[in-house]
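# Analysis of the macromolecular model
Chain by chain, the residues:
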Amino acid sequence: MPEKAPTLSTSLHSIKGVGPARADALSAIGIHIVADLLHYYPRKHLDRTTITLISKLQKDKEATVVGNVEAADIRQGKRRQYFQAILSDGKGMLTLTWFNAAQYMKRTIKIGDRLAVSGKVEFFNGFQIVHPEYDKLKDNEDPVNSGLVIPLYSIPAELKKTRIDSRTLRRLIKTISDSLKEIPDHFSMEFKNQNHLCPLDQALRNIHFAESVSVLNEAVNRLKFDEHFFLQMLMALRKSSIQQTGTKALIKIGPQVKLISDSLDFELTSAQKKVIKEIKDDMARPFSMNRLLQGDVGSGKTIVSILVAAIAVANSVQVAVMAPTEILAQQHYQSFKIYAETARMTCAILVGGTPAKERKAILDGLATGRIDIIIGTHALIQEDVAFKELGLAIVDEQHRFGVLQRGDLTGKGFNPHFLAMTATPIPRTLAITYHGDMDLSIIDEMPKDRIPIITKVVEETRLEKIYTFMKEEVKAGRQCMVVYPLVKETEKSDLAAAVEMHGNLSEYVFPELIVGLIHGRMKKDDKDEVMDAYARNDIHILVSTTVIEVGIDIPNATVMLIENADRFGLTQLHQLRGRVGRGSKKSYCILVRRNFTENSKKRLQIMESTSDGFVISDEDLKLRGPGEFFGIRQSGFLKYKIADMVTDGPILRKARQSAFELVKSDPNLNQPEHELIRIRFMNEYQDKLDRANIS
Ligand code: ADP
Ligand code: MG
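Quick look at the structure, then. Given the structure is predicted, the values throughout are model-derived calculations rather than measurements. (Residues numbered from 1 in each chain as written. Chains lettered and ligands numbered in written order. Predicted model: local features only at pLDDT ≥ 70, side-chain atom pairs only at ≥ 80, totals over all residues. Heavy atoms only, no water.)

## What about the overall build of the protein?
Summing up its helical and strand segments, the protein has 24 helices and 21 strands in all. For the protein, the C-alpha radius of gyration of 29 Å lies close to 26 Å, the compact-globule estimate for 695 residues. The C-alpha extent of the protein, read off along each of the three principal axes, is 80 × 70 × 45 Å. Looking at the 695 residues of the protein, the share that counts as buried comes to 53%. Counted over contacts in the protein with a minimum sequence separation of 6, partners at least 24 positions apart contribute 73%. Averaged over its 95 positive side-chain charges, the protein has a centre that lies 2 Å from the centre of its 87 negative ones. (Helix = DSSP H or I, 4+ residues; strand = E, 2+ residues; numbered from the N terminus. Rg over C-alpha atoms; globule rule 2.2 N^0.38 Å. Buried < 20%, exposed > 50% of the residue type's maximum accessible area, 1.4 Å probe, protein only. Contact = heavy atoms within 4.5 Å. Lys, Arg positive; Asp, Glu negative; His and termini not counted. Charge placed at Lys NZ, Arg CZ, Asp CG, Glu CD.)

## Digging into the packing of helix α19 (residues 570–577) against helix α21 (residues 613–624)
Geometrically, a packed helix pair is captured by the angle between its two axes and the distance between the axes. Running from N to C, α19 and α21 point in directions that differ by 150°, and their axes come no closer than 8 Å. The orientation of α19 with respect to α21, classified from their angle, is roughly antiparallel. Seen from α19, the contacting residues are L570, T571, H574 and R577; seen from α21, they are G613, I616, S617, E619, D620 and L623. (Axes fitted to C-alpha atoms, helices over the stretch in contact; angles between N-to-C directions. Parallel < 35°, antiparallel > 145°, perpendicular 65-115°, else oblique.)

## Some details on unusual backbone geometry
For H131, which is not a glycine, the phi torsion comes out positive at approximately 45°. Note that H131 resides in the loop between β6 (127–130) and β7 (133–137). Phi angles above zero are rare outside glycine, and L669 is one such case at about 50°. Among the structural elements, L669 can be located in the loop between α23 (649–665) and α24 (675–685). By relative accessible area, L669 is classed as buried at 1%.

## Structural notes on the site of ligand 1
Residues in contact with ligand 1 amount to 16 residues; listed here are only the nearest, Q272, G298, K301, T302 and R450. T269 places a polar main-chain atom, nitrogen or oxygen, 3.5 Å from a nitrogen atom of ligand 1. The side chain of T302 places a nitrogen or oxygen atom 2.8 Å from an oxygen atom of ligand 1. Of the residues assigned to the shell around ligand 1, the class counts are 4 nonpolar, 6 polar and 6 charged. (Near = heavy atom within 4 Å. Polar contact = N/O pair within 3.5 Å; in protein donor to acceptor, adjacent residues only side chain to side chain. Nonpolar A, V, L, I, M, F, W, Y, C, P; charged D, E, K, R; others polar.)

## Describing the side chain of Q232
Positionally, Q232 belongs in helix α8 (residues 213–243). With a relative accessible area of 0%, Q232 lands in the buried category. Setting aside anything within four residues of it in sequence, one finds Q232 in contact with I432, T433, L652, A655, R656, A659 and F660.

## Focus on the state of the cysteines
Scanning the entire structure with this criterion turns up 0 disulfides. This cysteine, C480, is not joined by any disulfide, and C589 carries the nearest cysteine sulfur, 12 Å off. (Disulfide = S-S within 2.5 Å.)

## A few points about the packing of aromatic side chains
Counted according to the given criterion, the structure contains 16 aromatic pairs. Ring geometry for F187 against F225: centres 6.0 Å apart, planes inclined by 80°, an arrangement best described as edge-to-face. Residue F187 is located in the loop between α5 (166–178) and α6 (189–194), and its partner F225 is located in helix α8; the two are separated by 38 residues in the primary sequence. Ring geometry for F469 against Y588: centres 4.8 Å apart, planes inclined by 80°, an arrangement best described as edge-to-face. Of the two residues, F469 sits in helix α16 (residues 463–475) while Y588 sits in strand β21 (residues 588–593), which places them 119 residues apart along the sequence. Through a chain of ring-to-ring contacts, the aromatic side chains of F187, F191, F225, F229 and F230 assemble into a single cluster. For K174, the ring lying beneath its charged end belongs to F209, and the centroid distance is 5.3 Å. Seen from the ring of Y41, K641 lies directly overhead, with NZ or CZ sitting 5.7 Å from the centre. (Phe/Tyr/Trp six-rings, centres within 6.5 Å; stacked < 30°, edge-to-face > 60°. Lys NZ or Arg CZ within 6 Å of the ring centre and 35° of its normal.)

## Observations concerning helix α13 (residues 356–368)
Across its 13 residues, α13 extends 18 Å between first and last C-alpha, which sits within 8% of the 18 Å expected from 1.5 Å per residue. Inspection of α13 places R359, I362, L363, G365 and L366 among the buried residues, and these make up the whole buried set. Axial view of α13: buried residues confined to an arc of 160°, hence all on one face. Every exposed residue of α13 that faces more than 90 degrees away from the buried side is listed here: K357 and K360. Tucked inside the fold, the buried residues of α13 contact β10 (318–322), β11 (347–350) and β12 (373–376). Two residues or fewer past α13, G369 is found with a positive phi of approximately 95°. (Expected span 1.5 Å × (residues − 1). Arc of directions from axis to C-beta.)

## A look at the pairing of strand β9 (residues 290–295)
In the case of a regular strand, side chains alternate between the two sheet surfaces. Here β9 lies mainly inside the structure; 6 of its 6 residues are buried. Residues N290, L292 and Q294 line one face of β9 and the alternating positions R291, L293 and G295 line the opposite face, and both faces are buried. As judged from the 5 bridges shared by β9 and strand β14 (residues 417–422), these two strands associate in the parallel manner. If you follow R291 over to β14, its bridge partner there is L419. With 5 bridges connecting them, β9 and strand β15 (residues 439–443) associate as parallel partners. Paired with Q294 across the bridge in β15 is I442. (Pairing = 2+ DSSP bridges.)

## Some words on the sheet that holds strand β16 (residues 454–459)
Consider a sheet: its strands pair through backbone hydrogen bonds, and that pairing is either parallel or antiparallel. Here we have 6 strands laid out as an open sheet, ordered β16-β21-β20-β17-β19-β18, and parallel in their pairing. Here the strands that pair on one side only, and so sit at the sheet edges, are β16 and β18 (515–518). Taking the axes of each pair of neighbouring strands and ignoring which way they run, one obtains an average angle of 20° across the sheet. Taken together, the 4 bridges between β18 and strand β19 (residues 541–544) define a ladder with parallel strand orientation.

As structure tokens, then:
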């Protein structure tokens, strides 16, 4: 064992007092060296300001309480035993209840223990918290009577096994940091002053052991800033490298755009005209465009993409349009085909199920340049798909592709201009976090002829009436959709629920109507058949899992019934709602609520009160957090431990500005004073750098 003082890179295995079992356990959760430990930030801090007196508790609110255990024992319930403890803070009593593992709890929590507990407060013969989070505090750790700030850490199972708890971690981190020399800072004094940041050394110590809430806040601010800063550096580097990527400037306008415009039976909204101009100007530069087109469901992104595709074709390059599902690709193909014919462009569709012979002909057409526009799914990025000259790549609903990278499509040799489209209105902070390397174009206006959709939240008891109403709509020639959510645990039960409901609806509720079923596990041909039948109005009511979420366009559909609506995110509900109201008839969105918590009520009321996608997505982000926001997790992308893009708006903007300034002044990060920034950046984001120019 080395006797020298530890440094940031000292392995925990060689720190005296850690022991091999615990060092292994820490390793198992990614804490290998001293630096990892310092960056293992507390999940929460206890101090006077975050602790509630028992006498001041409020029902249904989350609270943290510190007190002494006055009584603790196993009790006999109707069915089984449970464990209860009474906590007193001198002014009041709080009951703590654990229904599971009563024996274990009895061994763990003893009379006289001093505990910090948190959870939702209930009222049941007095205040009570069921299954609280708890931490034991030692005598000299009393945030109530002192100005102390006590850090509490998350303790995953790996650590529990070797009996590491918050207190052990506190002691360990304290011992190590006391013997640690000053931690070098990647930011200069000047930079810190400019951005009102405390030194890294101070931040990394105070995040664990702050003497007061105000120094803790400084530490939090600094560490948040760092996380935002390095992600924004990635964005800045990507953006600058894309901006330096030469490509063909698409300058000519050509006759195609006019032919298509003249054939439209509506006038483009001014928002559509605005974004078309932004895209056109961007493509006219000899550098690769990297742009995100945002527009709410039904705002008319398709025609925008068709018109800009026509500009590309006028410049003798090819266009690829990629969609996340076959249904959506088909739908795009139908729209593109009509206008392509009008403007004498050739267009084709390529999906996973395209027969081999047809596929061969298409690949041939792409290689020779006979095909101007290719629409498709993932099938477009297969290796043997080669273009004569790809000039513009358009990706619809990019976030639904998960890990799809810009380079997958643009890597086909020509650095084409790139346009991503999304119907999910992305809150500003999220947009610059996830898409900080892109320019934004926003369609912030709906076509004028739209009749607002009527949204109603109902409970099960109203279903009878709703079904009657649906029958009337069908009698009047319209169509309906019934959607079942993904049930969390298994996809199977989602499917099962939809299948069962389909049986129920077709046999008992609507025996005289044709009720169709579509879900993600169906074969492509079967799906197409159902969708075609629905488009022809050969199916009156379509029961679906969420496969219809994006894209499909059936103007004759007027009723969207969403079962268990409380299980969906608001953004998703908004997308689903956008499937109706696409024609000239009055449309309805019925949200069936089967969960009676306050929160779910509040969430669904937002849907009743607004149809503004941006308002909805902001609320959604606040209620669900960014991880769930897109419906799929963007795994591995965000390395945030302490930063929070929902609440960090001002810090994020400052970090972004300074990261972009830095990259502008030193694009390759090779100035010596940026050495430490470069090292940390490469540690964290090297693999995400794509084509940016530093090594
Ligand atoms: P989204 O942005 O959700 O992809 P679409 O492009 O599918 O929306 O457009 C929805 C419907 O609105 C389509 O039927 C389209 O033809 C129509 N549409 C598009 N632009 C306009 C407009 N300016 N005025 C009227 N209808 C329009
Ligand atoms: Mg669309």
